[in-house]
Amino acid sequence: TTGVTLTASDGERLEFGCAPGQSVLDAAAEAGAALPASCRRGTCGSCRAAVTGGPYEHGSCSPQALPPDRRERGEVLLCRTFPGGDRLEAALPYPSSRIIHGGVPEREGVITALETVARETVRLELRVEPDDAAGDGCQFDPGQFMDLRVPGQDYTRAYSLANTGNWEGCLEFFVRLRPGGLFSGWLRDGARVGDRLTVRGPQGAFGLRETGPRPRWFVAGGTGLAPLLSMVRHMAEWQEPQPARLFLGVNEEAEVFGLPELKAVACELPGFSYEICVRRPGPSWPGPPATPVDRVAALLPDAPVPPDLYVCGPPPLVEAVAGAAAAGGLAPERVHHERFLPT
Ligand code: FES
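The structure presented is a predicted model; accordingly, all values stated were derived computationally and were not measured.

Structural notes on the pairing of strand 13 (residues 156–160)
Right, so step 1: Direction of pairing for strand 12 (residues 145–149) relative to strand 13: antiparallel, over a ladder of 5 bridges. For D147, the partnering residue across the bridge sits in strand 13 and is A158.
Right, so step 2: Counting the residues between successive antiparallel strands, the hairpin from strand 12 to strand 13 contains 6 residues, one of them, G152, with a positive phi of roughly 90°.

Considering the sheet that holds strand 17 (residues 244–250)
Right, so step 1: Spatially, 5 strands are ordered 18-17-16-19-20 in an open sheet, and the strand pairing comes out parallel. At either end of the open sheet lies a strand with only one pairing partner, and these are strand 18 (272–278) and strand 20 (335–339). Pairwise comparison of adjacent strand axes, ignoring direction, gives a mean angle of 10° for this sheet.
Right, so step 2: Note: strand 16 (residues 216–221) against strand 17, 6 bridges, orientation parallel. Within strand 17, the residue paired with F218 across the bridge is L246.

So, the domain arrangement of the chain
Right, so step 1: By domain assignment, the chain separates into domain 1 (2–98), domain 2 (104–203) and domain 3 (216–339).
Right, so step 2: Contact residues are listed per partner, giving 8 residues for domain 1 and 5 residues for domain 3.
Right, so step 3: Interface of domain 1 and domain 3: buried area, both sides summed, is about 480 Å²; carbon and sulfur atoms make up 36% of it.
Right, so step 4: It is C44, Q64 and R70 in domain 1 that bury the most area against domain 3; as a group they hold 65% of the surface buried on that side.
Right, so step 5: Counting every contact that joins domain 1 to domain 3 gives 0 salt bridges.
Right, so step 6: Where domain 1 packs against domain 3, one counts 2 residue pairs in polar contact (both at pLDDT 80 or more).
Right, so step 7: For the side of domain 1 that touches domain 3, the residue count by class is 2 nonpolar, 3 polar and 3 charged.

Brief notes about the packing of helix 6 (residues 292–299) against helix 7 (residues 315–327)
Right, so step 1: For the pair helix 6 and helix 7, the least separation of the axes is 9 Å and the interaxial angle reads 10°. Accordingly, the angle class assigned to the pair helix 6 and helix 7 is roughly parallel. In contact with P292, V293, V296 and A297 of helix 6, helix 7 contributes L317, A320, V321 and A324.

Let's talk about the packing of aromatic side chains
Right, so step 1: If you walk through the whole model with that rule in mind, you get 6 aromatic pairs.
Right, so step 2: On the numbers, 5.4 Å between centres and 40° between planes, the contact of Y159 with F183 is tilted. Of this pair, Y159 sits in strand 13 while F183 sits in helix 3 (residues 182–189), and the two are 24 residues apart along the sequence.
Right, so step 3: Here Y159 falls in the buried class, since its relative accessible area comes to 13%.
Right, so step 4: With centroids separated by 5.1 Å and ring planes inclined at 45°, the aromatic side chains of F174 and F257 adopt a geometry described as tilted. Of this pair, F174 sits in strand 14 (residues 170–176) while F257 sits in the loop between strand 17 and helix 5 (259–268), and the two are 83 residues apart along the sequence. Side by side, F174 and F257 carry an identical accessibility label, which is buried.
Right, so step 5: Three or more aromatic residues joined by ring pairs form one cluster here, namely Y159, F183 and W186.
Right, so step 6: Over the ring of W217 we find R245; its NZ or CZ atom is 5.6 Å from the centre of that ring.

A look at the sheet that holds strand 4 (residues 48–53)
Right, so step 1: The 5 strands lie next to each other as 2-1-8-4-6, forming an open sheet whose pairing is mixed. For this open sheet the edge positions go to strand 2 (13–18) and strand 6 (75–77), each flanked by a neighbour on one side alone. On average, each strand axis in the sheet is tilted by 35° relative to the strand beside it, whichever way the strands run.
Right, so step 2: Examined bridge by bridge, strand 1 (residues 2–7) and strand 8 (residues 87–91) share 5 bridges and lie parallel to one another.

A word on helix 7
Right, so step 1: In this model helix 7 runs 18 Å from its N-terminal to its C-terminal C-alpha over 13 residues, within 8% of the 18 Å that 1.5 Å per residue would give.
Right, so step 2: For helix 7, the complete set of buried residues consists of P315, L317, V318, V321, A324 and A325.
Right, so step 3: The elements touched by buried residues of helix 7 are strand 16, helix 6, strand 19 (308–313) and strand 20.
Right, so step 4: Just downstream of helix 7 lies G329, where phi reads positive at about 90°.

Section: the environment of E72
Right, so step 1: Mapped onto the fold, E72 is located in helix 2 (residues 68–72).
Right, so step 2: On a C-alpha basis, the gap between E72 and W186 in space is 44 Å, while along the polypeptide they are 114 residues apart.

Rules and cut-offs
Residues numbered from 1 in each chain as written. Predicted model: local features only at pLDDT ≥ 70, side-chain atom pairs only at ≥ 80, totals over all residues. Heavy atoms only, no water. Pairing = 2+ DSSP bridges. Helix = DSSP H or I, 4+ residues; strand = E, 2+ residues; numbered from the N terminus. Axes fitted to C-alpha atoms, helices over the stretch in contact; angles between N-to-C directions. Domains from an automatic or database assignment. Contact = heavy atoms within 4.5 Å. Buried area = accessible area lost by both parts, 1.4 Å probe. Salt bridge = Lys/Arg side-chain N within 4 Å of Asp/Glu carboxyl O. Polar contact = N/O pair within 3.5 Å; in protein donor to acceptor, adjacent residues only side chain to side chain. Nonpolar A, V, L, I, M, F, W, Y, C, P; charged D, E, K, R; others polar. Parallel < 35°, antiparallel > 145°, perpendicular 65-115°, else oblique. Phe/Tyr/Trp six-rings, centres within 6.5 Å; stacked < 30°, edge-to-face > 60°. Buried < 20%, exposed > 50% of the residue type's maximum accessible area, 1.4 Å probe, protein only. Lys NZ or Arg CZ within 6 Å of the ring centre and 35° of its normal. Expected span 1.5 Å × (residues − 1).

Pasting the structure below:
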């Protein structure tokens, strides 16, 4: 058995044993600590960490989840990391608050709003049951997600939270309805206000980093807006001073959503601005065709202070933005992302 020590970004340490052939992620779970993870098979990148000491083997993984140059520098995916000696030490890129002890909390929520906000896109609002034993409303960090399950069904879907932690137990999501999707099909045809869902979380490592006064740029593809909206809403609530700009990319005008929410943030948060980028705009759209990738590529070279970049959306968008950032001279550690993987 290997003695594993993981150090979170706030300095808290987690120690546990890892059996031969066991991944660090599984060993932590066996010891009662659920680390941020999603796919558990090397494709999403949400279990990234950096080994600081000790030998290990790394299983195969997607190069998008962990680019080869990062792997060479000692970064790993904990779901694919198998210790090979007596001790293994690694640094986690998130604070200890993201580690869940004693199992991921699960509770009942009731649908309080369900509305179409754009083509194939709905806003789903849930209220965690008021008689919830924890009695703490719902606290979470911007960037985290919840697993949602329809009672009586055995499939769950992960959706990022778009609002911020609150005492009322209110959870807000933006869901893209996918053709043939089980959860999408239920939302489209069966779900009604008052229906119940099982809510599991909050979970996930994606979130704002404490990086001082550096500007923050947010890049969303479609419903990838949700966790970034949570982040800028959090910045507005706390009147955080970093200049912030957000780019929302969609293919067509009919897919634009989130404007009232973005306008509200712009009113409350000085130094925040946003742009809607429509790849194939119709004649009534007031601007030229644009994508967030083009905008980042065009603006980055002239940025007086290189920003931190927060990106969320489908993997091709995340990869393209990361590529534009690298071409613009932004260090890879300034790019933080969450990839929405197809289920
Ligand atoms: Fe390890 Fe997805 S959980 S890469």
